[in-house]
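# Structural overview
The residues making up each chain are set out below.
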Amino acid sequence: MRVRGRRLPRRIAQLLIGLFLYGVGIAFMVRGEIGAAPWDVLTQGIATHVPLTFGVITILTSVVVLLLWLPLRQRYGIGTLLNALLVGPSADVGLLLIPTGQPLWLRIGFFVIGLVVLAAATGMYIGAHFGPGPRDGLMTGLHKRTGWPIWAVRTGIEVVVVAVGWALGGNVGVGTLAFALLVGPLCQYFLRIFAIRLPADRTSVTA
């Protein structure tokens, strides 16, 4: 317990920094303007029809997704709730600071930076062990309830999200495909770096 307590400040700091950087990563990819990540395509599409900022729509979407957790009997963590509340505002900050309408080479650079930052941020907040994000929990909840493989559940969710977002006016492009192909391996790499080993983890590994 003492070891776990000593790691708590690091875990909290890593969670908060990770969530802030997650929003910044989203902002860089959006400013890349070569195709957004699936859920951001949906947010962009909704933003073309309502007078709300990208970040506010992100928060509202997270709330709706968390409501979908209820029939799946998923358990919320403090990280889950902070993810829903903090990623949107940090994305808005990033969108205010990162210029739009840049040359193609710079926009590609924005997208690459955003993808790497988002993947690193994912490794940070998941590695802090305070609960999954709303969208991750929806994926794992559906996996448990249906028995379908994780990859099939994730692909199904994101295809639906992209289709709805594109129909509403979101930006689908080569960046959307690049995100789908690269985000998994990148997140796995950064999770190895940032995962904080708790006492229970050591016990299970020994067993």
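Quick notes on the rules
- Residues numbered from 1 in each chain as written.
- Predicted model: local features only at pLDDT ≥ 70, side-chain atom pairs only at ≥ 80, totals over all residues.
- Heavy atoms only, no water.
- pLDDT = per-residue confidence, 0-100.
- Contact = heavy atoms within 4.5 Å.
- Axes fitted to C-alpha atoms, helices over the stretch in contact; angles between N-to-C directions.
- Helix = DSSP H or I, 4+ residues; strand = E, 2+ residues; numbered from the N terminus.
- Parallel < 35°, antiparallel > 145°, perpendicular 65-115°, else oblique.
- Left-handed = near helix turned anticlockwise from the far one by under 90°.
- Nonpolar A, V, L, I, M, F, W, Y, C, P; charged D, E, K, R; others polar.
- Phe/Tyr/Trp six-rings, centres within 6.5 Å; stacked < 30°, edge-to-face > 60°.
- Buried < 20%, exposed > 50% of the residue type's maximum accessible area, 1.4 Å probe, protein only.
- Lys NZ or Arg CZ within 6 Å of the ring centre and 35° of its normal.
- 1 Å grid on protein atoms, 1.4 Å probe; cavity = no way out; pocket = protein on both sides within 12 Å on 5 of 7 lines; lining within 4 Å.
- Points joined across faces, edges and corners; volume = space filled by probe spheres on them.

## Here's the deal with the confidence of the model for the protein
Summarising the model, the protein shows a mean pLDDT of 90, and 93% of its residues fall at 70 or more. Between residues 202-207, whose pLDDT stays under 50, and residues either more than four places distant or in other chains, the model counts 3 contacts.

## Some remarks on the packing of helix α6 (residues 134-146) against helix α7 (residues 150-168)
Helix-helix packing is characterised by the crossing angle of the two axes and by the distance between the axes. Relative orientation of the contacting elements α6 and α7 amounts to 125°, with a least axis distance of 9 Å. Comparing the axis directions of α6 and α7 gives the class oblique. Like other packed secondary-structure pairs, α6 and α7 cross with a definite hand, here right-handed. Taking contact as the criterion, the partners of Leu138, Met139, Thr140, Leu142, His143 and Thr146 in α6 are, on α7, Ile150, Val153, Arg154 and Ile157. A class-by-class count of the residues in the contact of α6 with α7 yields 6 nonpolar, 3 polar and 1 charged.

## A few points about the packing of aromatic side chains
Scanning the entire structure with this criterion turns up 5 aromatic pairs. With 6.0 Å between their ring centres and 75° between their planes, Tyr22 and Tyr125 make a pair best called edge-to-face. Taken together, the residues Tyr22 in helix α1 (residues 2-32) and Tyr125 in helix α5 (residues 104-127) connect sequence positions 103 residues apart. Note on Phe190 and Phe194: the rings are 6.4 Å apart at their centroids and 20° apart in plane angle, and the pair reads as stacked. With a gap of 4 residues between them, Phe190 and Phe194 both fall in helix α8 (residues 174-194), about one helical turn apart. Residue classification places Phe194 among the partly exposed residues on the basis of a relative accessible area of 22%. Taken together through their ring pairs, the aromatic side chains of Tyr189, Phe190 and Phe194 make up a single cluster. Its guanidinium or amino end placed over the ring of Phe130, Arg11 lies 4.3 Å from that ring's centre, counting from NZ or CZ.

## Notes on unusual backbone geometry
Of note in the backbone geometry, Glu33 takes a positive phi value of approximately 60° without being a glycine. One can find Glu33 in the loop between α1 and α2 (38-47). Positive phi is not limited to glycine here, since His129 has a value of about 65°. Within the element layout of this structure, His129 appears in the loop between α5 and α6. Using a relative accessible area of 33% as the deciding quantity, one classes His129 as partly exposed.

## Remarks on the side chain of Thr80
With respect to the element layout, Thr80 can be found in helix α4 (residues 78-97). Ignoring sequence-local partners within four residues, the contact set of Thr80 consists of Leu66, Trp69, Phe130, Gly131, Pro132, Gly133 and Pro134.

## Examining the layout of surface pockets
Of the pockets and cavities examined, the largest pocket occupies roughly 670 Å³. Mapped onto the lining of the largest pocket, the elements with two or more residues apiece are α1, α2, α3 (54-72), α4, α5, α6, α7 and α8. Sort the elements by how many residues they give to the lining of the largest pocket and α8 lands first, with 6 residues. In terms of residue class, the lining of the largest pocket is made up of 16 nonpolar, 9 polar and 5 charged. In this model, the second largest pocket occupies a volume close to 180 Å³.

## Focus on the environment of Ile78
With respect to the helices, strands and loops of the structure, Ile78 is situated in helix α4. By relative accessible area, Ile78 is classed as partly exposed at 46%.

## Looking at the packing of α3 against α6
Their axes nearest at 9 Å, the elements α3 and α6 cross at an angle of 25°. Taken as axis vectors, α3 and α6 run roughly parallel relative to one another. The hand of the α3/α6 crossing is left-handed. In this structure, α3 uses Thr58, Thr61, Ser62, Val65, Leu66, Leu68, Trp69, Pro71 and Leu72 to contact α6, whose residues at the interface are Pro134, Arg135, Gly137, Leu138, Gly141, Leu142 and Arg145. Here the contact of α3 with α6 is built from residues that sort into 9 nonpolar, 5 polar and 2 charged.

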